[in-house]
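Next come the chains, spelled out residue by residue.
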Amino acid sequence: MCGIFGYVGPSPHGAKIVLEGLKRLEYRGYDSWGVAVVPASKGKIVVKKKAGRIGKASVSDMPKGSVAFGHTRWATHGGVTDVNAHPHLDCTGNLAVIHNGIFENYESIKQDLIKKGHRFISQTDTEVIAHLIEEYAKTMMLSKAVQRAYNEMEGLNAFIVIQTKEHLLLGVRNGSPLVVGFGDPENYLASDAAALIPHTRQVHFLEDDQMVIVGTDQVNIFNARTGERIRPLKQKLTWSAEQAEKGKFPYFMLKEIYEQPGLISEIAGESTIQAKKIAEVLKNAHGAYIVGCGTAGYAALAAQYLFSAISNRHVNSVIGSEFGYLQNFLVKRSAVLALSQSGETMDILEGVKKAKDKGAKIVSLVNVVGSSLWRLSDVRLPIGVGPEKGVASTKAFIGKLTHLILLSYAMIGKITKGQRILTRAAKAATEVLKEQRVSKIMKLAKKLKNTEHIFVIGRGLSYPAALETALKIKEISYIHAEGLAAGELKHGPLALVTKGIPCIVFAPNDETQGANLAGAMEMKARGAYIIGISPKKHEVFDYYLPVKDVGEATIIPNVIVAQLLAYYLAIERGFDPDMPRNLAKSVTVK
Ligand code: F6R
């Protein structure tokens, strides 16, 4: 989950290049940060590292050097302290390591190394890697020592090593992503392709067990288990540098919310061929499963309703982390549609790999082209929303819904009807983002900012909308929010309703409207404050947020209203919506 960025080339400003790279990667982890450089003037590696956010950090006090790397941390082993921040050095100070993942058997290896005289100063598993390589490098070449250390490590890990004697970055990957960026005449290693965009668009995504030795004008890739040479598979990144910047917006999340109407139109216009292709795979499948985690899991749940309502088809939606326990009925002709923004979510990858082993066909809807999920899929469709940097997913969710609506219509050969509905959805989304509408949401956020709990209810397609709304509110405003199928209220949760508790109700113009409003009535009768998101103002609403009716696609503008509310709740409460506490983008651990 951590961010990794490494540079090797002719520039003496390696530390500065790395720091800028880390700033583009901070969404991957923001407990602490650190940079290391091999000084051009010789001497030991110089490290600067600190607990806390990278913010306006500078490395102008670091020496010049053209081999450097850095890390933004999402802590796993050891508390969030300066000492535990990466990079970590060996005993000599001539070798440094940054690491993403969990080194599971580090304790026994650490004990052996202590017996051999190694001194440890942090509580991290990463520091053990530095000392292990130091130990092996006493009797073999550095690359062999890295390879040997890697082969002793259990768990899913990616790490990079630098050493004062070598003008190189040595990286290896298992589980956690690592991407090589090809510059001229300089090269890079990073945990995310998006961080490389200002420098290069030519990349190679390392596969598990691939080791890479990166010099200024050479990139050599090997199988870290067998030592066999591997030819790089260069891919071209299509994202632009502007897409990865905040521009005029104060936060990425807000920028990404505002990008959504344009993206809906783009996807509706450009993705029909792929939607038809995937529709054929699903139609021919013997049972189809749609999987995703968190927000992507709610998109999967929405797909189940969309396929039922539009395509008259049954698909099973499953949470990624549970999918592995539900596979006994997978057969060769089963299809799995995996949804993921990053394409690196471990809970998805594990379930999908198991399904693949059983012979199921893997179809994926992924935003990061070239990511692990992308590569292991048989059929792929890019979500196509550009880099998503806000930790809380917004445009990737709306992008997934847009594709899924198109796909549901493609299943019944009516893709043009799907496109028409989506064009209306894009207009409804634009209206939701108009100043007057947004100020009403801001006013509501002010009103709710001190509340401790919020209920969100809906039925049918509004049920995943309710779950997604609650998740957005929780993760960035830290208000406890509970998303519920409205019909479930009377089966337990009503017991929690007290006077004044806010309850958001989705009441679109569909078969669920009457029952949704009845749920709101039940809440109101017990003192709840009802916030209605609906095309029509109803009596039960204490606060009304209008949204246009666009048929099955009404979930799109509905969720955009909810995203804005969550965003302004975070702002009102003084929190940074882009970097929620304890979270990081791209969840590469189990
Ligand atoms: C919530 C959020 C997460 C992700 C989840 C899956 O706002 O962003 O719940 O949706 O971690 O991530 P991806 O889509 O990258 O697989």
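Refer to the structure presented above.
Values in this document were obtained by computation on a predicted structure and should not be read as measured data.

Caption draft 1: Spatial organisation of helix H16 (residues 513-525). With 13 residues, H16 should reach 18 Å at 1.5 Å per residue; the first-to-last C-alpha distance of 18 Å fits that figure. Along H16, the residues classified as buried are Gln513, Asn516, Leu517, Gly519, Ala520 and Met523. An end-on view of H16 places all buried positions within 150° of arc, on one side of the element. Of the residues in H16, the exposed ones pointing more than 90 degrees away from the buried face are Gly514 and Ala525. Taken together, the buried residues of H16 touch strand E21 (453-458), strand E23 (502-506) and strand E24 (529-534). Where H16 terminates, the next one or two residues include glycine 527, which has phi positive at roughly 105°.

Caption draft 2: Inspection of the packing of helix H12 (residues 395-411) against helix H13 (residues 415-432) at higher detail. Look at H12 against H13: their axes get within 7 Å of each other, and the N-to-C directions meet at 150°. Judged by the angle between their axes, H12 and H13 are roughly antiparallel. For the pair H12 and H13, the crossing hand works out as right-handed. Mapping the contact onto sequence places Thr402, Ile405, Leu406, Tyr409 and Ala410 in H12 and Ile415, Lys417, Gly418, Gln419, Ile421 and Leu422 in H13. Across the contact of H12 with H13, the residue classes break down as 7 nonpolar, 3 polar and 1 charged.

Caption draft 3: Structural detail: the pattern of salt bridges. Tallied over the entire structure, the rule returns 20 salt bridges. The shortest N-O distance in the salt bridge between lysine 449 and glutamate 572 comes to 3.9 Å. Here the residue lysine 449 occupies a position in the loop between helix H14 (435-448) and E21, and glutamate 572 occupies one in helix H17 (residues 555-572), the gap between them amounting to 123 residues. For lysine 449, a relative accessible area of 29% gives the class partly exposed. In this structure, glutamate 475 engages lysine 472 in a salt bridge whose closest nitrogen and oxygen atoms are separated by 3.5 Å.

Caption draft 4: Broad picture of the site of the ligand. Lining the immediate surroundings of the ligand are 16 residues, of which Ser340, Gln341, Ser342, Thr345 and Glu475 lie closest. At 2.6 Å from an oxygen atom of the ligand is found a side-chain nitrogen or oxygen belonging to serine 340. Within the side chain of threonine 345, one N or O atom sits 2.5 Å away from an oxygen atom of the ligand. When residues of the shell around the ligand are traced back to their parent elements, those giving at least two are helix H8 (294-311) and helix H15 (462-477). Looking at the shell around the ligand, its residues break down into 6 nonpolar, 7 polar and 3 charged. Two domains each put at least three residues into the shell around the ligand: domain 2 (243-433) and domain 3 (434-575).

Caption draft 5: A look at the sheet that holds E24. One open sheet accounts for 5 strands, arranged E22-E21-E23-E24-E25; its pairing is parallel. Each having just a single partner strand, strand E22 (480-485) and strand E25 (543-546) make up the two edges of the open sheet. The average angle at which neighbouring strand axes cross in this sheet is 20°, direction not considered. Judged from the 5 bridges that link them, E23 and E24 form a sheet pairing that is parallel. Across the sheet, phenylalanine 506 pairs through a bridge with isoleucine 533, a residue of E24. Against the sheet, H17 engages E21, E23, E24 and E25, with an angle of about 160° to E23.

About the criteria used
Residues numbered from 1 in each chain as written. Predicted model: local features only at pLDDT ≥ 70, side-chain atom pairs only at ≥ 80, totals over all residues. Heavy atoms only, no water. Helix = DSSP H or I, 4+ residues; strand = E, 2+ residues; numbered from the N terminus. Expected span 1.5 Å × (residues − 1). Buried < 20%, exposed > 50% of the residue type's maximum accessible area, 1.4 Å probe, protein only. Arc of directions from axis to C-beta. Contact = heavy atoms within 4.5 Å. Axes fitted to C-alpha atoms, helices over the stretch in contact; angles between N-to-C directions. Parallel < 35°, antiparallel > 145°, perpendicular 65-115°, else oblique. Left-handed = near helix turned anticlockwise from the far one by under 90°. Nonpolar A, V, L, I, M, F, W, Y, C, P; charged D, E, K, R; others polar. Salt bridge = Lys/Arg side-chain N within 4 Å of Asp/Glu carboxyl O. Near = heavy atom within 4 Å. Polar contact = N/O pair within 3.5 Å; in protein donor to acceptor, adjacent residues only side chain to side chain. Domains from an automatic or database assignment. Pairing = 2+ DSSP bridges.

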